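Chain by chain, the residues run as shown.
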Amino acid sequence: MLAQTGLVTAMVISLNGQWLLGTDPGNVGRDEQWWKAPTPEAKPTKVPWIIQDAFPGYHGVAWYWRDFEAPANPHPKGRTLLRFWAVDYKADVWLNDQPVGGHEGGETPFVLDVTDAVHVGTNRLAVRVLNPTHEPIDGIVLNETPHRNKALPYGAGSAWDQGGIIDDVELILAPQVRLSGLYAKPDTATGVIHIEATVTNASAASVAATLACSVAPAASGEALDTTTVHGTLPPGESTVKASVRVGEPHLWDLNDPFLYRVTARIEGRGVRSENGDGATSADEMSVRCGFRDFRFEDGFFRLNGRRIYLRCSHTGNCCPVGLEMPVDPDWLRRDLLNVKVMGFNAIRWIAGIPKRYQLDLCDEIGLMVYEENYASWCMGDSPKMAERFDRSFREMILRDRNHPSVVIWGMLNETPDGPVFRHAAAALALVRSLDDTRMALLNSGRWDSHGGGLGGLEVWRNTDREDPCVTHNPTDRHLVGLGIDWAPGNLAFHPGRNGEYAVVRFTAPAAGEYAIDVRFRTIAQHATTDVHVIAAGKPLFDGLINVGDGGPECTHAGRVNLKKGETIDFACGYGNGNYGADTTALTPVITSASGEKWDAAEQFSIASNPNGVWSYGVLPPGEKPDVSAFQLFPSGECVGSFGALSNPGSDEWEDVLSDQHIYPRVPHTADIIQQLRTTSGGENPVFISEYGIGSAVDLVRVTRHYEWLGAEHAEDARYYRSCLDRFMADWEAWKLEDTFDSPEAYFAACLAKMADQRALGFNAIRSNPNVVAHSLTGTVDQGMTG
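Residues numbered from 1 in each chain as written. Predicted model: local features only at pLDDT ≥ 70, side-chain atom pairs only at ≥ 80, totals over all residues. Heavy atoms only, no water.

1. Topic: the packing of aromatic side chains
Here comes step 1: A full pass over the atoms with the stated rule returns 31 aromatic pairs.
Here comes step 2: Summarising the aromatic geometry, the rings of W63 and W65 are spaced 6.4 Å apart at their centres and angled 15° between planes, so their arrangement reads as stacked.
Here comes step 3: By relative accessible area, W65 is classed as buried at 2%.
Here comes step 4: A centroid spacing of 5.3 Å and a plane angle of 85° characterise the contact between F740 and Y746, whose relative ring orientation is edge-to-face.
Here comes step 5: Owing to a relative accessible area of 24%, Y746 belongs among the partly exposed residues under this scheme.
Here comes step 6: Stacked on the ring of F630, the Lys or Arg R505 has its end atom at 4.1 Å from the ring centre.
Here comes step 7: A cation over a ring is seen here: R766 above F762, with NZ or CZ 5.4 Å from the ring centre. (Phe/Tyr/Trp six-rings, centres within 6.5 Å; stacked < 30°, edge-to-face > 60°. Buried < 20%, exposed > 50% of the residue type's maximum accessible area, 1.4 Å probe, protein only. Lys NZ or Arg CZ within 6 Å of the ring centre and 35° of its normal.)

Below is the structure:
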């Protein structure tokens, strides 16, 4: 409140601190009206924080309660609001026994008008939080929500399924006419800052109002330009546009992150405060912004027109005890300072939006941001998929679009073709309606097979995902994507992630002798498969591609007698059990005794399955392929092309960049190093948006860290403790003390070895002239992946 200046603005009161928290495993709280009082077993907890600290391992419904004191609203006919900056995942809110609203979505803010429920004096606030599981609760299941890669039960490489009130809670005493949003959009070409003020008129009638805007350097504060807009505001929410100008704007840059502050004040004319001094009742909001232009042009990323090599690392904000909530907020700030000092110029928040204070720091230190949200990864299809996806993106962009450090909106990460991918590709229109000033990247790693280099690829597969599959390149050019290079005419297959075999089948049109000639050859980086030839259900040949003694190719030639309708099956499994880019080309040619020849590559078709003597399908996982369980692939299509990115102002996915993920085997062999040095994207330059290798978690040091925090009870602490116990059993069984002085010395040796490997791969990537950007895995250990 600024009454001494003749202006009374909104008052913000923090409701952070100690609350009570109770679990509701039977989901009976609403029926039993738990909003009226805390349950007897409720525990004190802090807000913001997570449910799982007070109740480790619990997931489902939980309730929060808090009593607070509310002063009188000084604004005539003013409104009292509750603002939750984030509740993961679904919130329902009661104030003084009255339901006042809720929100679905785990990362973004929402505001509830509680004017009719709040009292001057003591109030009771109750919040029911749904932390989804695999069992439906209110029709909601974890994998159908925006949830990143949260997993139940937890496993290394996943994210914890934490939930709760995870950001600030505030009580706001606002005037009847208030600012509910402010967007400042600088134009580097003109020096104009275009302003969109979202204004809420809470009265039932139109109100005459004045919007005053100004711009100043954020550090010094002297006004450079001001403007005033007069108008009439209808009831409800509306947008008022204005603009201010900066002569010769100082650009935001990596080593000179210059910031401006735009301030807006809305005043309903004739509305006076009720504090007796005749001060004007108004609302004011300010945001920081910066002049900068970031785009991909002429084969390179460019900041303010200058070519740069994008050096990025990605983070999931993984923290001990609080999981995505740090015990000390400085930890997450320190990560960013370390990244900047190490020479990175960008940070990617993978499938989860950053903390607000992290973006503020990136603005201030000149660190570019590539931002995704929970909907960007692992969200399953459902009747509400589109609604949930769009809400996640809309609310992320609305929250963060003023930050000059944010230069990329990431739509997806490692998402195969299917309803979610196709909806995300179509959602570019939504992004552009909210922000046309930033680059958008479609699908980090391009698991969708719709990369610009794959346009024209023919595929047989299941309808729900891309693998297992049989593919064919009918074009006269190399099709390159997903780390795979299909030469013209290549027929290939890929196993399934669960161990399914992909199959090309020949069915004998008549009884007789048939000659078989087939070559299997990897066309993917680091492919490791097992390949098989089976005739009339009996194995003829088993080979290995890059597994054991197997090299990059193998062949089989032989003869077999078949009855009419018996089959020859060519099958591909995933070799070493490590699912990845395991695409293997094959050239099956079958010749009858009379000389009739059938060539699987030349005769491939997506028109029908079976296709003459050929058919394409899948076998279930198993130690050996069981051809009696063969099932036809139901879906055949020619891959259309979606480019990797959309530049600022563009409403199309542009085919100008090859987006790849590379996770090679360790130790790096000479072949792997050569592949890193020569990886290409066909005609397009390469963005290695993920490269990484594993490392060792120093389990001794980590478990001591939890002891130092007094948090041995935490879910992740117990997980690490179990890993350490298993390690120590191996230490004794393998007599490792004969080689290492201590477990700590063993882990130190592991970390040093892997650091050498990481440097080896990193240097190979830097030497590759096709690579124009990289992002390394990861800033900190992602989901205990190490």
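2. As for empty space enclosed by the protein
Here comes step 1: Counted under the stated rule, the structure contains 4 cavities of 30 Å³ or more.
Here comes step 2: Approximately 120 Å³ is the volume attributed to the largest cavity.
Here comes step 3: Residue lining of the largest cavity: 18 residues in total, with G451, G452, G453, V480 and S658 positioned closest to the centre.
Here comes step 4: Put simply, the parts of the chain that give the lining of the largest cavity at least two residues each are β33 (479–481) and β49 (658–662).
Here comes step 5: Of the residues belonging to the lining of the largest cavity, the class tally is 5 nonpolar, 10 polar and 3 charged.
Here comes step 6: Of the volumes computed, that of the second largest cavity is approximately 60 Å³.
Here comes step 7: At 3 residues, the largest contribution of residues to the lining of the second largest cavity is made by helix α4 (residues 385–400).
Here comes step 8: Looking at the lining of the second largest cavity residue by residue, the class counts come to 2 nonpolar, 5 polar and 4 charged. (1 Å grid on protein atoms, 1.4 Å probe; cavity = no way out; pocket = protein on both sides within 12 Å on 5 of 7 lines; lining within 4 Å. Points joined across faces, edges and corners; volume = space filled by probe spheres on them. Helix = DSSP H or I, 4+ residues; strand = E, 2+ residues; numbered from the N terminus. Nonpolar A, V, L, I, M, F, W, Y, C, P; charged D, E, K, R; others polar.)

3. Some details on the packing of α4 against helix α5 (residues 419–426)
Here comes step 1: Contact geometry of α4 with α5 gives a least axis separation of 11 Å together with a crossing angle of 45°. Regarding the angle of α4 to α5, the classification is oblique. Crossing hand, α4 versus α5: right-handed. Along the contact surface, α4 presents M385, A386, F389 and D390, while α5 presents P419, V420, H423 and A424.
Here comes step 2: When its residues are assigned to classes, the contact of α4 with α5 shows 6 nonpolar, 1 polar and 1 charged. (Axes fitted to C-alpha atoms, helices over the stretch in contact; angles between N-to-C directions. Parallel < 35°, antiparallel > 145°, perpendicular 65-115°, else oblique. Left-handed = near helix turned anticlockwise from the far one by under 90°. Contact = heavy atoms within 4.5 Å.)

4. Structural notes on the confidence of the model for the protein
Here comes step 1: Of all residues in the protein, 97% attain a pLDDT of 70 or more, and the chain-wide mean is 93.
Here comes step 2: Note that pLDDT drops below 50 for residues 1–6; the model gives that stretch 13 contacts with residues more than four away or on any other chain.
Here comes step 3: Below a pLDDT of 50 lies the segment residues 273–278, which in the model reaches 11 contacts outside its immediate sequence neighbourhood of four places, other chains included. (pLDDT = per-residue confidence, 0-100.)

5. A word on unusual backbone geometry
Here comes step 1: Omega for the bond connecting D88 with Y89 falls within 30 degrees of zero, at 15°, which places this linkage in the cis form.
Here comes step 2: Checked against the element boundaries, Y89 lands in the loop between β7 (87–88) and β8 (90–95).
Here comes step 3: Here the residue pair V666 and P667 is connected by a cis peptide bond, since its omega of 0° sits within 30 degrees of zero.
Here comes step 4: Non-glycine residue Q33 carries a positive phi angle of around 60°.
Here comes step 5: By secondary structure assignment, the location of Q33 is in the loop between β3 (17–23) and β4 (43–47).
Here comes step 6: For N304, which is not glycine, the phi dihedral falls at a positive 55°.
Here comes step 7: The topology assignment puts N304 in the loop between β24 (300–303) and β25 (306–308).

6. Looking at helix α2 (residues 330–341)
Here comes step 1: Helix length check: α2 (12 residues) gives 16 Å between terminal C-alpha atoms against 16 Å at 1.5 Å per residue, within 8%.
Here comes step 2: W331, L332, D335, L336 and V339 are the residues of α2 that are buried. With its buried residues spanning 145° around the axis, α2 presents them on a single face.
Here comes step 3: On its buried face, α2 is in contact with β27 (346–349), α3 (356–365) and α8 (699–709).
Here comes step 4: Of the residues flanking the end of α2, it is G343, one or two places downstream, whose phi is positive at about 100°. (Expected span 1.5 Å × (residues − 1). Arc of directions from axis to C-beta.)

7. Remarks on the sheet that holds strand β2 (residues 11–14)
Here comes step 1: Strands sit in the order β2-β13-β6-β10 across an open sheet of 4 strands; the sheet is antiparallel. Two strands lie at the open edges of the sheet, namely β2 and β10 (110–113), each paired on one side alone. With direction set aside, neighbouring strand axes in the sheet form an average angle of 25°.
Here comes step 2: Across 4 bridges, β2 lies against strand β13 (residues 169–174) in antiparallel orientation. By the bridge assignment for β13, V12 is matched with I172. (Pairing = 2+ DSSP bridges.)

8. Things to note about the environment of Y357
Here comes step 1: With respect to the helices and strands, Y357 occurs in helix α3.
Here comes step 2: Judged by relative accessible area, which is 26%, Y357 ranks as partly exposed.
Here comes step 3: Measuring from C-alpha to C-alpha, the distance between Y357 and F389 comes to 25 Å, with 32 residues separating the pair along the chain.
Here comes step 4: Ignoring anything within four residues of it in the chain, the contact list for Y357 reads P326, P329, L332 and R333.

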